[in-house]
Every structure is written in C-alpha cells, then in structure tokens.
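# Report on the structure
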Amino acid sequence: MSSDKKKPSGFEFRKRKAEKIQQLEHDKKFMDIKKYIIQKGKDVIPEDCIKVPSESSISESVSTELVNDIHEIENKEIDLNSVQDTKNEDIIDNSQEILQLSDCGNWPTIRNNSLIDELIKGGPNQIKIDNYPQNGEGRHFSNSYYTRKLSNGEVLCRRWLVYSLSRDCVFCFCCRLFDNKSISKFVGDGFNKWKNLSEYLSIHENSLSHKKAYRMWIETEMRLKTGETIDKEELKIIKKESLR
C-alpha cells in the first residue's frame, strides 16, 4: 500500500533542519537569559522581607545617642571644673604663702638666693596699725619707730625696720636676709623690749654689720628693678640711706 505523503526533497529537508537548529539556538539563548535573571534575583531581597524601623525605635535610638552625648559633655565639664578648681587651689595656696612670707617672723631658717630675691622684690612690709599688743608693763610698738630724725631736723624712713604680727616683735629686714650669723635680736628671734627700743635701734642702724647688709640689699634691689620704674621718692630715700 502506497503512501500519499511525499517525502521532502533534500533541499527542503536541509532547510527545515536549519530552521529547527536556529529555533533551538534562539530558545537556548532565551533560556540562558532567563536563568541569569533568576540567578541575579536571588540577591534581591523582596520588599515584604525588608524590615523598616518604626518611628518609635528611631526616636529611642536618637534619644539614647543624645543622652550619651550629654553625659560625655557633662563629664568633660566636670574634668574642666576639676582642673580649674585645682588651679584655684594652687593660686590660693600661693597667695597664702606670699601673705605668710610678708611677715619676717614666718621666714624659714634656711633661705636660698631665689627666695631672697623674691623677698626683696616684695619689699619690707611695714605694718601700721593704731593699737599694737601691749606687754605686761603696758608698753607696745609704735608707728613712730618707722622714722628717725637727723640732727639737722630731717626725717628719714627706716625702711629696714619691720614689725611681725605673728611674734609681736621687730626685725631688721636686710640683716635678716644677709647676716644670718648675727646674734642681734633684730636678726634672730626678734626684738620686743619696747622700753629700750629707741636706744637699740640707734645702735643697730649705726653698726658695720647692718650697713654692710643694707648695701647688699640696696644693690640687689637695684639689680632686680633694672628696666622697671623706680618711684622718685623711693630712690631719694635709697640714696640718702646709702650715703649716711
């Protein structure tokens, strides 16, 4: 029994084969592209899987950061205040030390050159008050002892004489600085025999040891004040005391 279906000619067969191969190549490329898209899709997080923080959580996080920042600032302020307090305490300590050293009775027994220079820069502190402490005889120091009257009637200031409130006695400022070996009361423990003060002041200020210490004081004072303005009245007194 013969078949009515004709076999394709060789040309048509080759044509159809070529079309099928072309279609397969096209489908293959499409499948590769689809596969690539799906593969890349694995790295994409679906929108419903993305967790968006709520406003409350954001607010809480920001508040926490602000609190931490405030605490850090407060701690820094506390540290700065501590440093400032320390500086203030140092200033107070230095001020108290300077105040104590302004009283000759509080000077340390051993004094180096640096301390001597500082004491000279500060100068003799001549305390002047209306009512000085009285001893058992009712006698006391007086501001009048800070000056002396020359034979020609001229009045000079005893810059070297200082009264110690802490010891209720008087010292010689320059001898206490430069004549540590002196046995004079004006150098050691201080002089407080007010009945005989005028007599002993005259003896002391005319002694060779006092004049030597006085010159050393004036020379050091002038050296330390080089480049600074010296009061004319003070300079006048210094010259007079140096020439006497």
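Below: a short report on this structure. What you are looking at is a predicted structure, and each value in this text was computed from that prediction instead of being measured.

Calculation notes
In this convention, every chain numbers its residues from 1, walking through the sequence in written order. Confidence filtering applies because this is a predicted model: local features only for residues at pLDDT of at least 70, side-chain atom pairs given and counted only at 80 or more, and all residues used for totals across whole chains, interfaces and linings. For the side-chain quantities, the full set of heavy atoms in the structure was used; hydrogens and water were omitted. Each helix is a run of H or I in the DSSP string that is no shorter than four residues. Each strand is a run of E no shorter than two, and both are numbered from the N terminus. Disulfides are defined in this document as cysteine sulfur pairs within 2.5 Å. Buried, partly exposed and exposed residues are distinguished by accessible area as a fraction of the type maximum, computed with a 1.4 Å probe on protein chains only: under 20%, between the cut-offs, and over 50%, respectively. The definition of a nonpolar core used throughout is a set of buried Ala, Val, Leu, Ile, Met, Phe, Trp, Tyr and Cys residues joined through side-chain atoms within 4.5 Å. Contact criterion: two residues are considered in contact whenever any of their non-hydrogen atoms come within 4.5 Å of each other. One requirement defines pairing of two strands: DSSP has to find at least two bridges between them. Grid points spaced at 1 Å over the protein atoms alone were grouped into cavities, where a 1.4 Å probe fits but cannot get out, and pockets, open sets with protein on both sides within 12 Å along at least five of seven lines, with lining residues defined by an atom within 4 Å of a point. Grid points are joined across faces, edges and corners, and a volume is the space filled by probe spheres set on the points. Ten residues, namely Ala, Val, Leu, Ile, Met, Phe, Trp, Tyr, Cys and Pro, are considered nonpolar, four, namely Asp, Glu, Lys and Arg, are considered charged, and the remaining ones, Gly among them, are considered polar.

### A word on unusual backbone geometry
- Even without being glycine, Asp168 reaches a positive phi, approximately 55 degrees.
- Among the structural elements, Asp168 can be located in the loop between β3 (161–164) and β4 (169–172).

### Quick look at the state of the cysteines
- Counting across every chain of the model gives zero disulfides.
- Unpaired in terms of disulfides, Cys174 finds its nearest cysteine sulfur in Cys172, a separation of 3.5 Å.
- The exposure class assigned to Cys174 is buried, which follows from its relative accessible area of 0%.
- Free cysteine: Cys175, not disulfide-bonded; nearest cysteine sulfur from Cys172 at 3.4 Å.

### Regarding the nonpolar core
- Among the nonpolar cores identified, the biggest contains 35 residues, and Phe141, Trp160, Leu161, Val170, Cys174, Leu197 and Trp217 are the most heavily contacted of them.
- Those elements giving two or more residues to this core turn out to be α3 (113–122), β3, β4, α4 (173–178), α5 (197–205) and α6 (208–224).
- Broken down by element, this core gets its largest block of residues, five residues, from α6.
- Beyond its immediate chain neighbours, meaning those up to four positions away, Leu197 contacts Phe141, Tyr145, Val170, Phe186 and Phe191.

### Structural notes on the pairing of β3
- Side chains Leu161 and Tyr163 project from β3 onto one buried face, and the interleaved Val162 and Ser164 project onto a second face that is buried too.
- Counting the residues in the hairpin turn of β3 and β4 gives four residues, including Asp168, whose phi is positive at 55 degrees.

### Comments concerning the pairing of β4
- By the alternation rule, side chains of β4 split into Cys169 and Phe171 and Val170 and Cys172, which are all buried.
- Strand direction decides the pairing type here: β3 and β4, joined by four bridges, are antiparallel. Its bridge partner being in β4, Ser164 is matched across the sheet by Cys169.

### Digging into the layout of surface pockets
- By volume, the second largest pocket amounts to about 220 Å³.
- Residue classes in the lining of the second largest pocket are distributed as four nonpolar, seven polar and two charged.

By themselves, these figures tell us nothing about what the structure is for.
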